[in-house]
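Chains, contacts and geometry: an overview
So you can see what is in the structure, the chains are spelled out below.
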Amino acid sequence: MQQRDIFQVFGIEPKNPGTFALDWLAGSGTWLVSENPATGEPLAAVEQASAGTYEQVARTAAQAFTSWRQVPAPRRGELVRALGDELRAHKEPLARLVALEMGKILSEARGEVQEMIDMCDFAVGQSRMLYGLSMHSERARHRLFEQWHPLGPVGVITSFNFPVAVWAWNATLAAVCGDTVIWKPSSHTPLTALAVQRLASTVMRRFEAPGVFNLVIGPGREVGQRLLEDPRVPLISFTGSTEQGRRVGEAVARRFGRSILELGGNNAVTVMPDANLDLALRAILFAAVGTAGQRCTTLRRLILHRDIHDALLERLVKAYASISIGDPLAPGVLMGPLVNEAAVHDMLAALEQARAEGAQVVCGGARLDRPGFFVEPAIVLAPKGLRIAEEETFAPILYVFRVDSLAEAIQLNNSVRQGLSSSIFTTNLLAAETFLSAEGSDCGIANVNTGTSGAEIGGAFGGEKETGGGREAGSDAWKQYMRRQTCTINWSEELPLAQGVTFPMP
Ligand code: NAD
């Protein structure tokens, strides 16, 4: 499937509108050019939103909410089921567009679209399970229960590295919960957003439910900022760097809005002497090099027990040497480009700092001499206390540490400011349970004998500390998209007060 065929499927032209509320709107007259990171060449341009078009989007989403919240939740689920069907039917072209615009390899791009489909299925089921609890009242002939109501328009601001799946984590649940959605995608990936919006619009039209899914493309500091400060938007779900997330959290809290923050990670794998090393090697490779190190869950710190340190490192260096780097759409390629020039610069600068701090780059780390933003993945032998390893550099750099014990490994795992994903490779039950216990990993995700990346949607996804504390996708993440109401009904002829308080009529 050629680029022009993919563009044709989604109606992508050299110049496209970038704002959708009921229909495509004319924007500010300033154009955002989407580039192919594998060539550095422009793909197509998108017109950015103006203050006026943002206002139209926000008004539409707020107005649509007043009717969408009245649609029974299982019926709302049917719309999401239809969205899943559209995604199934367009899985291949959408995956190819993701690979083209973001640069991840086709297999991972297909996985990303599959994740959207999985989220649709999950949300359809959830639409019949928006359960509230009922409690036993301490007062006779009183009924005490809680129920969940739709919240309002939800602002979804997404990062470039999962240009479509993160929208689906939020939008599918928000929709079944009775909310409308305003999506501001990353400025690196406007075309995938456009394509998803086209599918969503088809479904909205079929269900006569306009205004449920809206799109606004524009710079974060303008359009994103408007969304953060908009009192009509009670919830902002933000996925991106810790630096931006801190601003988002502060701005939304200032107006007592709610936020879901899915921010940077600095994830570690620990390998113990009793581990299955074949398994560990494969997991490390995928977690460290997959998506060219541009996943929030990318493995960045490898903690090796001294007994297996040299042997595993040797095998890893060999494996790195045989990774094929190139066009993400070409068969057999395992690693595509970084997203842009700035990302290449950040990687090279981080390696320079590592060297300056006394670390040794044992393999990789060079920029490839070809168009686009290609680098070799790097392995760095890290001395204890290496400061650059405490930062998230969004590139394929793997810092390797040597430890003497499980306690030291856990201490190192927990020593950074981020708290997203972690895992241990061991066949020792005590080591595994210790890692998962309250004395173990302090991360939102803790795995045994599987890597840090590639989470399933069934669990709640997110991390602690500077990763922001948000949880999305499965488990009970849906509750964040609703407001909880606690209700007491007195069906007696008396007025007993709680806690035995008496307050007679004077
Ligand atoms: P980024 O912070 O540069 O941008 C994220 C989004 O924020 C973009 O849509 C951007 O336009 C917007 N933005 C920028 N300034 C804004 C402002 N003032 N107000 C509102 N929005 C604004 O992040 P990125 O480079 O796109 O993505 C990479 C980062 O995202 C990494 O740190 C990665 O770990 C993180 N991430 C986290 C998760 C998670 O679930 N924890 C998932 C994916 C990515």
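Now for a quick tour of the structure. (Residues numbered from 1 in each chain as written. Predicted model: local features only at pLDDT ≥ 70, side-chain atom pairs only at ≥ 80, totals over all residues. Heavy atoms only, no water.)

1. Comments concerning the site of the ligand
In the vicinity of the ligand there are 27 residues, among which Thr158, Lys184, Ser241, Leu263 and Glu392 approach most closely. At a separation of 3.2 Å, a nitrogen atom of the ligand approaches a polar side-chain atom of Gln225. Interatomic distance of 2.6 Å between a side-chain N/O atom of Glu392 and an oxygen atom of the ligand. Of the residues in the shell around the ligand, the class split is 10 nonpolar, 13 polar and 4 charged. Looking at which domains feed residues into the shell around the ligand, each of domain 1 (52–263 + 468–485) and domain 2 (267–458) supplies at least three. (Near = heavy atom within 4 Å. Polar contact = N/O pair within 3.5 Å; in protein donor to acceptor, adjacent residues only side chain to side chain. Nonpolar A, V, L, I, M, F, W, Y, C, P; charged D, E, K, R; others polar. Domains from an automatic or database assignment.)

2. Structural notes on the packing of helix α4 (residues 91–102) against helix α7 (residues 190–206)
Contact geometry for α4 and α7: axes closest at 9 Å, N-to-C directions at 165°. In terms of their interaxial angle, α4 and α7 are classed as roughly antiparallel. Crossing hand, α4 versus α7: left-handed. The residues of α7 that touch α4, namely those facing Leu94, Leu97, Val98 and Glu101, are Pro190, Leu191, Thr192, Ala195 and Val196. By residue class, the composition of the contact of α4 with α7 is 7 nonpolar, 1 polar and 1 charged. (Axes fitted to C-alpha atoms, helices over the stretch in contact; angles between N-to-C directions. Helix = DSSP H or I, 4+ residues; strand = E, 2+ residues; numbered from the N terminus. Parallel < 35°, antiparallel > 145°, perpendicular 65-115°, else oblique. Left-handed = near helix turned anticlockwise from the far one by under 90°. Contact = heavy atoms within 4.5 Å.)

3. Regarding the packing of aromatic side chains
Between two aromatic rings, the relevant description is the distance of the centres plus the angle of the planes. Under the counting rule described, the total for this entry stands at 6 aromatic pairs. With a centroid separation of 5.1 Å and an interplanar angle of 80°, the aromatic rings of Phe20 and Trp24 are classed as edge-to-face. Measuring from ring centre to ring centre gives 5.0 Å for Trp169 and Phe461, while their planes differ by 50°; the resulting arrangement is tilted. Here the residue Trp169 occupies a position in helix α6 (residues 165–176), and Phe461 occupies one in strand β21 (residues 460–461), the gap between them amounting to 292 residues. With a relative accessible area of 9%, Trp169 lands in the buried category. Counting every residue linked through ring pairs, the aromatic cluster contains Trp167, Trp183 and Phe213. (Phe/Tyr/Trp six-rings, centres within 6.5 Å; stacked < 30°, edge-to-face > 60°. Buried < 20%, exposed > 50% of the residue type's maximum accessible area, 1.4 Å probe, protein only.)

4. Points about the sheet that holds strand β2 (residues 19–21)
One open sheet holds the 7 strands; their spatial order is β3-β2-β10-β9-β8-β11-β12, and the pairing between them is mixed. Looking at which strands have only one partner, the edges of the open sheet turn out to be β3 (23–25) and β12 (258–262). With direction set aside, neighbouring strand axes in the sheet form an average angle of 25°. Of the strand pairs in this sheet, strand β9 (residues 181–184) and strand β10 (residues 213–216) are connected by 3 bridges, and their pairing is parallel. Looking at the pairing, Trp183 lines up with Leu215 of β10. Relative to β12, helix α9 (residues 242–254) is tilted by about 170°, and along the sheet it contacts β11 (235–239) and β12. (Pairing = 2+ DSSP bridges.)

5. Observations regarding the sheet that holds strand β6 (residues 134–135)
Overall, antiparallel pairing links the 3 strands, which are arranged β6-β7-β24 in an open sheet. Only two strands of the sheet have a single partner each, and these edge strands are β6 and β24 (482–490). Two elements, β6 and strand β7 (residues 142–150), share 2 bridges in a ladder whose sense is antiparallel. Looking across to β7, one finds that Met135 is bridged to Leu144.

6. Some points on the pattern of salt bridges
Taken as a whole, this structure holds 25 salt bridges when the rule is applied. We note a salt bridge from Arg59 to Glu55, for which the minimum N-O separation is 3.6 Å. Linking Arg59 with Glu55, this pair stays in helix α2 (residues 51–68), spanning 4 residues, or about one helical turn. Residues Arg232 and Glu55 are paired through a salt bridge, measuring 2.8 Å at the closest nitrogen-oxygen approach. Placement of Arg232 in the loop between α8 (220–229) and β11 and of Glu55 in helix α2 is noted, with a sequence separation of 177 residues between them. The exposure class assigned to Glu55 is partly exposed, which follows from its relative accessible area of 27%. Each of Glu55, Arg59, Asp230 and Arg232 takes part in one network of salt bridges that share partners. (Salt bridge = Lys/Arg side-chain N within 4 Å of Asp/Glu carboxyl O.)

7. So, the packing of α4 against helix α5 (residues 106–126)
Running from N to C, α4 and α5 point in directions that differ by 125°, and their axes come no closer than 8 Å. With respect to α5, the axis of α4 lies oblique. Between α4 and α5 the crossing geometry is right-handed. Residues Lys91, Glu92, Leu94, Ala95, Arg96, Val98 and Ala99 of α4 pack against Leu106, Ala109, Arg110, Glu112, Val113, Gln114, Met116 and Ile117 of α5. Of the residues assigned to the contact of α4 with α5, the class counts are 9 nonpolar, 1 polar and 5 charged.

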